[in-house]
Amino acid sequence: MSAVLKGGLVVDQNGERAADVVVDGGRIAAVGPDLSGDVVLDAAGCVVAPGFVDLHTHLRQPGAEEAETIETGSWAAVRGGFSAVVAMPNTSPPIDCAAVVQEVLALGRPGPCDVYASGAITVGRKGERLAPMAEMAALGVRLFTDDGNGVQDAGLMRRAMEYAAGLGVLLAQHCEVDSLAAGGHMHEGEWSSRLGIPGVPAEAEELMVMRDIALSRFTGAPVHFQHLSTRGAIAMVRAARGAGLPITAEAATHHFTLTDEACASYDPVFKVNPPLRPDDDRAAVCDGLADGAVDAIATDHAPHAPEAKDAPFDEAPPGMLGLETALALALTELDLPVAQVVGLLSWRPAAIAGLQGIHGGPIAPGAPANLCVFDPHETWTVDPADSASRSRNNPYAGRRVRGRVRHTIVGGKAVLIDQEMRELRP
Ligand code: DOR
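Residues numbered from 1 in each chain as written. Predicted model: local features only at pLDDT ≥ 70, side-chain atom pairs only at ≥ 80, totals over all residues. Heavy atoms only, no water.

Which parts of the structure should I look at to understand the overall build of the chain?
Scanning the chain from N- to C-terminus turns up 13 helices and 19 strands. Compactness check: the chain gives a C-alpha radius of gyration of 20 Å against a globular reference of 22 Å for 426 residues, within 12% of the reference. With the C-alpha coordinates of the chain rotated into their principal frame, the extents come out at 60 × 45 × 40 Å. A total of 426 residues make up the chain; the buried ones form 60% of that total. The long-range share in the chain, meaning contacts at least 24 apart out of those at least 6 apart in sequence, stands at 74%. Just so you have it, the chain exposes about 15,000 Å², and 52% of that area is on carbon and sulfur atoms. (Helix = DSSP H or I, 4+ residues; strand = E, 2+ residues; numbered from the N terminus. Rg over C-alpha atoms; globule rule 2.2 N^0.38 Å. Buried < 20%, exposed > 50% of the residue type's maximum accessible area, 1.4 Å probe, protein only. Contact = heavy atoms within 4.5 Å. Areas by Shrake-Rupley, 256 points an atom, 1.4 Å probe, with all protein chains shown as cover.)

Would you explain the sheet that holds strand S8 (residues 114–117) in this entry?
By way of backbone hydrogen bonds, the strands of a sheet pair with one another, either parallel or antiparallel. Ordered by their spatial adjacency, 3 strands build an open sheet running S6-S7-S8, and the pairing between neighbours is parallel. Since the sheet does not close on itself, it has two edges, and those belong to strand S6 (52–57) and S8, each with one partner. Averaged over all adjacent pairs, the angle separating strand axes in this sheet is 20°, with direction ignored. Pairing of S6 with strand S7 (residues 82–87) involves 4 bridges; the strand directions are parallel. Paired with aspartate 54 across the strands is valine 85, a residue of S7. Its contacts with the sheet put helix H2 (residues 98–108) on S7 and S8, and the angle it makes with S8 is roughly 175°. (Pairing = 2+ DSSP bridges. Axes fitted to C-alpha atoms, helices over the stretch in contact; angles between N-to-C directions.)

Could you clarify how one ought to interpret the site of the ligand in this entry?
Close to the ligand lie His58, Arg60, Asn90, Asp147, Gly148, His174, Val272, Asn273, Ala302, His304, Pro318 and Gly319. A distance of 2.7 Å is found between an oxygen atom of the ligand and a side-chain nitrogen or oxygen belonging to arginine 60. In the environment of the ligand, an oxygen atom lies 2.8 Å from a nitrogen or oxygen atom belonging to the side chain of asparagine 90. Within the complex, the protein chains bury 94% of what would otherwise be the 290 Å² of accessible surface of the ligand. (Near = heavy atom within 4 Å. Polar contact = N/O pair within 3.5 Å; in protein donor to acceptor, adjacent residues only side chain to side chain.)

When you look at unusual backbone geometry in this model, what are you seeing that I'm missing?
The phi torsion of most residues other than glycine is negative, and most of the peptide bonds are trans. The omega torsion of the bond from glutamine 61 to proline 62 falls at 10°, within 30 degrees of zero and hence cis. Residue proline 274 is bonded to the preceding asparagine 273 through a cis peptide linkage, with omega at 0°. Note on placement: proline 274 falls in the loop between strand S14 (247–252) and helix H9 (279–291). Of note, the phi angle at arginine 60 is positive, near 70°, even though the residue is not glycine. Judged by its relative accessible area of 12%, arginine 60 is buried. Phi angles above zero are rare outside glycine, and histidine 227 is one such case at about 25°.

Explain the nonpolar core here, please?
Soluble, globular proteins show a tendency: their nonpolar side chains are buried together. By size, the foremost hydrophobic cluster in this structure holds 81 residues, and its most contacted members are Leu171, Val209, Phe225, Leu289 and Phe374. Formed by 19 residues, the second largest nonpolar core is a distinct cluster that contains Leu258, Phe270, Met320 and Trp380. (Core = buried A, V, L, I, M, F, W, Y, C linked by side-chain atoms within 4.5 Å.)

In this structure, what is going on with the pairing of strand S2 (residues 15–24)? I would like to understand it.
In summary, the side chains of a regular strand alternate between the two faces of the sheet. Note: strand S1 (residues 3–12) against S2, 8 bridges, orientation antiparallel. Each residue of the ladder has a partner; that of valine 11, found in S2, is glutamate 16. Counting the residues in the hairpin turn of S1 and S2 gives 2 residues. Sheet topology note: the S2/strand S3 (residues 27–32) ladder contains 5 bridges and is antiparallel. Residue pairing in the sheet places aspartate 24 in a bridge with arginine 27 of S3. A loop of 2 residues connects S2 with S3, the two strands running antiparallel in sequence, and glycine 25 in this loop sits at a positive phi of about 60°.

And the structure:
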């Protein structure tokens, strides 16, 4: 049975054009004017974009199913317009060997979006010895990270880079020097002093960015920097890219929409790692996304169950939800053309994840039908209760935002129609 997305503005890496899009048998069958299909999905006034790709999703399974499961997180993803997510490996047990990769992929397969596993760089994410990256790469893992922690040992990181380059996979770094960050719960600066909360200095992030740029130059291996949050880190990445180094970077939604001042509420919903930074850093993240120093918007969707998060600030775990609000926050807070926002959410992260040709467009006959239809003008108020996630640690409660996902198509199936979750793939 075919479906036609009717009356929208198609936006992909080849530009913008008013066109209908017909989806049939899992693929895009036609793109053009006045097309028809067995089912009509209204796209009038909407953008028809490649499905979004999140480079940074915590799905919590295995091990913390009270916070999220691969299934609930996948539904949150499609509600946010994502057709693919890369699951972070800081699960319990961690994704650090073939068996856990297989488990995550098997749990993701029946769900509404495509779930890709990242693998840990080191065994148990302990930073001591390299994980068996080759056996994970053989199962299709393309991105390796110890996310939640950075790899502290420079010699080990060098070896990981050499190994990864040989396998043709990408290392992604959570940039944080533990010896500077230890004991900190928010950004170290004026607000941490006023609030009496121990801080994490910007230098904890910047030193590791500096080190890994040097190691990339030394080994020739590409590195992807996760959730960059400081002006200095982004400036170093911009310069390294300018010098031709194979560096890519992402920024998390909360780092361009919130600042450390939010911690004045002592509400742990604003505790995240790397921490919310001062407004000057927030502005630098926006600039990095605007000028291309930062390649992609990632959510760092990090669900935590209420019983864990409802704790004093210094005892609560870091992390906040992000999948269902990313598009709207980007459209509302970044002063960028819609096509650029779509690129930051779709084809650019798709390329980093090695998913080009599967996700991220272009929207053309024969391509896999992974699509998102959103109204760039609809305004709405964020309500944490209205979520497919199993958790509620959403820092945007009550915020007015613009831009709403209407339909999400994954592998040709309309899994979200008019914001309603629809159909599980067989
Ligand atoms: O805030 C965070 N939460 N930062 C991380 O690096 C890990 C994540 C989590 O897993 O909760």
